[in-house]
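The chain contents come next:
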Amino acid sequence: MDANTFIEEETKKLKEAIGEEKAIVALSGGVDSSVCAMLGYKAIGNRLECVFLDTGVMRENEGPDLKEIFAKVEIDLKIRDVRKEFFDALKGLTDPEEKRKAFRDTFFKTLRDAVKESNAKFMIQGTIKPDILETNKGVKTHHNPLEQVGLDPGKYKLTILEPVAELFKPGVREVGRALGLPEEISERMPFPGPGLMARCIGEVTPEKADILRKAHIVVEEEIKNARLKPFQAFAVLFEDRGTGIDKEGNRNFGNIIAVRVIDSKDAMEGTATDVPMPVLKKISERIVAEIPSVTRVLYEITGKPPATIEYI
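In short, a report on the structure. All figures in this text were calculated on a predicted structure; none of them were measured in a lab. (Residues numbered from 1 in each chain as written. Predicted model: local features only at pLDDT ≥ 70, side-chain atom pairs only at ≥ 80, totals over all residues. Heavy atoms only, no water.)

### What about the overall build of the chain?
Thinking step 1. What the chain contains, in helices and strands, is 10 helices and nine strands.
Thinking step 2. Against the 2.2 N^0.38 benchmark of 20 Å for 312 residues, the chain shows a C-alpha radius of gyration of 20 Å, consistent with a compact globule.
Thinking step 3. By its C-alpha atoms, the chain is 70 × 40 × 40 Å across when sized along the principal axes.
Thinking step 4. Looking at the chain as a whole, 53% of its 312 residues are labelled buried.
Thinking step 5. Sequence separation of 24 or more characterises 74% of the internal contacts of the chain that already satisfy a separation of 6 or more.
Thinking step 6. Distance between charge centres in the chain, computed from 48 positive and 53 negative side chains, equals 1 Å. (Helix = DSSP H or I, 4+ residues; strand = E, 2+ residues; numbered from the N terminus. Rg over C-alpha atoms; globule rule 2.2 N^0.38 Å. Buried < 20%, exposed > 50% of the residue type's maximum accessible area, 1.4 Å probe, protein only. Contact = heavy atoms within 4.5 Å. Lys, Arg positive; Asp, Glu negative; His and termini not counted. Charge placed at Lys NZ, Arg CZ, Asp CG, Glu CD.)

Below is the structure:
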């Protein structure tokens with residue numbers, strides 16, 4: 001694939017499909033949605049509205065950071081606080097598929113409000129090839145493929161456009177570079193559409209999301225400090241608790257965090273990264289020191305298959 005040719009062709013398709021109407025893109029900060037935002041802006045300029053949905057399960061300071069980054073390429077990112085809607089929808093849910101479906105429905109319901117305000121008739125979405133393949137195979141239900149899971153986009157009064165649906169992650173990154181995305185976006189490790197929900201076993205609460213956010217920062221920082229370049233590196237919060245010892249020497253029960261570091265080319269297969277033990281120890285020491293509720297840190301080594309990369 002020639003990235004510049006791809007950009008020219010997809011920009012033309014978007015321009016023809018949208019015509020003189022408006023379009024909207026939900027910009028999460030990942031390379032997929034960021035590339036879609038850039039393609040959309042290149043196609044229709046200010047008739048594209050970029051929205052960041054603060055679902056409560058995103059990375060630390062994600063919205064303000066993205067707003068600053070995209071302001072540099074003259075894209076005005078609007079931030080919508082929808083944390084209450086998402087935590088209400090996820091309350092009491094523990095089944096992975098039920099959680100994904102609840103997230104997906106809430107995602108489009110809250111986005112629908114943004115659509116009404118913008119009068120957009122089209123949504124440009126960062127669905128990529130692995131999303132469709134895994135959903136069709138029943139490996140897991142991704143939140144973004146709609147028609148693939150029998151959901152009518154018309155229910156949300158939107159026409160969905162998916163310019164990178166035939167690309168795998170390396171191809172999306174290549175297009176991002178050609179579009180001039182900063183390295184902090186184009187080379188960013190994948191982050192799931194449902195955010196930290198995909199890394200939280202059991203019910204998702206604001207408290208558990210905060211624990212995961214803090215652990216996520218530690219894992220990414222220490223992997224970067226070690227000059228490792230895996231496909232993905234993140235933390236997972238288990239539902240069970242493990243015995244620990246507090247600072248006073250008393251027995252207590254605390255959270256269990258699993259560290260997941262994976263090497264992969266296209267997200268269809270993967271193997272656990274051979275992370276040096278000193279790095280793992282540093283990650284563990286920092287997590288238990290910076291997050292007092294955590295008593296145990298594990299390193300998860302299962303490949304894909306039999307496991308998926310994300311937990312949920």
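From this point, the narrative continues.
### Comments concerning helix H2 (residues 31-44)
One turn of the α-helix equals 3.6 residues, which is why residues spaced by three or four share an orientation.
Thinking step 1. With 14 residues, H2 extends 20 Å between its outermost C-alpha atoms, agreeing within 8% with the 20 Å of an ideal straight helix rising 1.5 Å per residue.
Thinking step 2. Burial within H2 is extensive, with 12 of its 14 residues counted as buried.
Thinking step 3. Taken together, the buried positions of H2 are Val31, Asp32, Ser33, Ser34, Val35, Cys36, Ala37, Met38, Leu39, Gly40, Ala43 and Ile44.
Thinking step 4. Two residues or fewer after H2 comes Gly45, characterised by a positive phi angle close to 60°. (Expected span 1.5 Å × (residues − 1).)

### Comments concerning helix H7 (residues 169-179)
Thinking step 1. Residues of H7 that are buried include every one of Lys169, Gly171, Val172, Arg173, Val175, Gly176 and Leu179, and no others.
Thinking step 2. Considering only its buried residues, H7 is in contact with helix H1 (3-18), H2 and helix H8 (183-186).

### With respect to the layout of surface pockets
Thinking step 1. One number sums up the size of the largest pocket: a volume of about 1,000 Å³.
Thinking step 2. Contributing to the lining of the largest pocket are 26 residues, with Glu184, Arg188, Met189, Glu220 and Lys224 lying nearest its centre.
Thinking step 3. Every element with two or more residues in the lining of the largest pocket is listed here: helix H3 (62-71), H8 and helix H9 (206-225).
Thinking step 4. Ranked by residues supplied to the lining of the largest pocket, first place goes to H9 with seven residues.
Thinking step 5. Its residues assigned to classes, the lining of the largest pocket comprises nine nonpolar, two polar and 15 charged. (1 Å grid on protein atoms, 1.4 Å probe; cavity = no way out; pocket = protein on both sides within 12 Å on 5 of 7 lines; lining within 4 Å. Points joined across faces, edges and corners; volume = space filled by probe spheres on them. Nonpolar A, V, L, I, M, F, W, Y, C, P; charged D, E, K, R; others polar.)

### As for the pattern of salt bridges
Thinking step 1. The tally for this structure, following the rule as stated, stands at 20 salt bridges.
Thinking step 2. The salt bridge involving Glu49 is made with Lys78; its shortest N-O contact spans 3.3 Å. Placement of Glu49 in strand E2 (residues 48-54) and of Lys78 in strand E3 (residues 77-81) is noted, with a sequence separation of 29 residues between them.
Thinking step 3. Under the relative-accessibility criterion, Glu49 is labelled buried at 16%. (Salt bridge = Lys/Arg side-chain N within 4 Å of Asp/Glu carboxyl O.)

Distances and angles like these do not, on their own, reveal function.
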